[in-house]
Amino acid sequence: MAVNDKRLNVTEFDFDEVKNNLKIFLRGQTEFTDYDFEGSGMNALLDVLSYNTHYLGFNANMLANEMFLDSASLRSSVVSHAKTLGYVPNSARAATATVDVTLNTPTLATATMDAGTVFTTSNDGTDYQFVSANDVTASGITFNDIKIYEGTFVTTRYTVDTSDADQRFLLRDNRADTRTLTVKVQTSSSDTTTSTYTEATDITQLTTSSKVYFLQEVEAGKFEVYFGDGVIGSALSDDNIVIMTYVVSNKSDANGAAIFSNSAAIASITDVAVATVSSATGGSDAESLKSIKYNAPLDYASQGRC
């Protein structure tokens, strides 16, 4: 079958094929019969047209790929698609150990170990610190099965300004372990009354006064906390102070650490014994793209049933 050389072929997007198609098209025009495209200035113009077409075709292909969870390659795109399925990717994880902490004193009936209490250890010749993530009160002098997390205990505060449409409540380090996140809202700088907010997991159970927060991964692998709008979950007010505490870790570096000691007094007691129940494990990078693509649709399909 004869080929109509006067019709431009637009099915190819590779540079060489685009350029060749342009030559075939131009040779089919009476104005360019027997024209030497290789030895003329027209060759440079064809290069420019071919490169431009190639770039546009590549960008269009990448844009189409990013529109679907299965084919997306940018983390921001994968995380965004997962969000529409109600899935929050796992953050970086701190190595976690379990210890029993005994205060060697006969005088205390009850004691409290504050969040952020520091324990030290060494792993493969490198020193690390582990911290508790929550306040723990024990009757007697022994705190049993206390989870401690490798890293630094961080407190971040934001004063709410509802007139600032761009205000965000960010965990400022992409190594933050969201399992250790505690969110409290203080009424104001002059009223220190605080309320503890919990992460929302089922919006069907929320009311206008539910003290919950929502979590999402944003740019650079960081996480953002946001709150209800007064219809689904309680809304924040001007001058509220959002207080977020969490652990920023070295991820997997401290996996295997097994011997711990306290680095400061606990409940004013300096004579403290720390016994390891289980060695440090579980430190890891944030959830991979492959894992998000696999888990997000399954999590959506299960709807929390399994």
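Residues numbered from 1 in each chain as written. Predicted model: local features only at pLDDT ≥ 70, side-chain atom pairs only at ≥ 80, totals over all residues. Heavy atoms only, no water.

Q: Now, about the overall build of the protein: what can you tell me, with residues and values included?
A: The secondary structure content of the protein amounts to four helices and 15 strands. A compact globule built from 306 residues would reach a C-alpha radius of gyration of about 19 Å, whereas the protein, at 30 Å, exceeds it by more than 25%. For the protein, the spread of C-alpha atoms along the three principal axes comes to 105 × 50 × 40 Å. Counting every position in the protein, which comprises 306 residues, the buried fraction comes to 37%. Within the protein, counting contacts between residues at least 6 apart in sequence, those at least 24 apart form 67% of the total. Looking at the protein as shown, the accessible area adds up to about 17,400 Å², and 51% of this sits on carbon and sulfur atoms. Averaging the coordinates of the 21 positive side-chain charges in the protein and doing the same for the 38 negative ones gives two points 3 Å apart. (Helix = DSSP H or I, 4+ residues; strand = E, 2+ residues; numbered from the N terminus. Rg over C-alpha atoms; globule rule 2.2 N^0.38 Å. Buried < 20%, exposed > 50% of the residue type's maximum accessible area, 1.4 Å probe, protein only. Contact = heavy atoms within 4.5 Å. Areas by Shrake-Rupley, 256 points an atom, 1.4 Å probe, with all protein chains shown as cover. Lys, Arg positive; Asp, Glu negative; His and termini not counted. Charge placed at Lys NZ, Arg CZ, Asp CG, Glu CD.)

Q: Hey, could you go over a nonpolar patch on the surface for me, with residue numbers and the actual values?
A: Nonpolar side chains collect at one region of the surface, where Leu63, Met67 and Phe68 lie side by side and expose about 360 Å² of accessible area between them. Relative to the assigned elements, Leu63 resides in helix H2 (residues 42-66). (Patch = residues over 30% accessible without salt bridge, like charges linked within 9 Å, V, L, I, M, F, W, Y side chains within 5 Å. Salt bridge = Lys/Arg side-chain N within 4 Å of Asp/Glu carboxyl O.)

Q: Please provide a residue-by-residue account of a negative patch on the surface, values included.
A: Together, Asp161, Asp164, Asp166, Asp238 and Asp239 line one region of the surface with negative charge. For Asp161, the location among the structural elements is in the loop between strand E7 (152-159) and strand E8 (169-171). Under the relative-accessibility criterion, Asp161 is labelled partly exposed at 33%.

Q: Let's hear about the packing of aromatic side chains: which residues, and what values?
A: This structure, assessed with the given rule, holds seven aromatic pairs. With centroids separated by 5.0 Å and ring planes inclined at 75°, the aromatic side chains of Phe130 and Phe260 adopt a geometry described as edge-to-face. With Phe130 in strand E4 (residues 126-132) and Phe260 in the loop between strand E13 (241-248) and strand E14 (261-262), the pair connects residues that are 130 residues apart, well separated along the chain. An aromatic cluster is present here, built from Tyr158, Phe169, Tyr197 and Phe227 joined pairwise through their rings. (Phe/Tyr/Trp six-rings, centres within 6.5 Å; stacked < 30°, edge-to-face > 60°.)

Q: Report on the pairing of strand E9 (residues 176-186), specifying residues and quantitative values.
A: Buried residues dominate E9, accounting for nine of its eleven residues. The pairing of E9 with E13 spans seven bridges and is antiparallel. Considered in E13, the bridge of Asp177 is made with Val247. Two strands pair when backbone bridges link them, and E9 and strand E10 (residues 194-199) are joined in this way by four bridges, in the antiparallel orientation. Across the sheet, the residue bridging to Lys184 is Thr196, located in E10. (Pairing = 2+ DSSP bridges.)

Distances and angles like these do not, on their own, reveal function.
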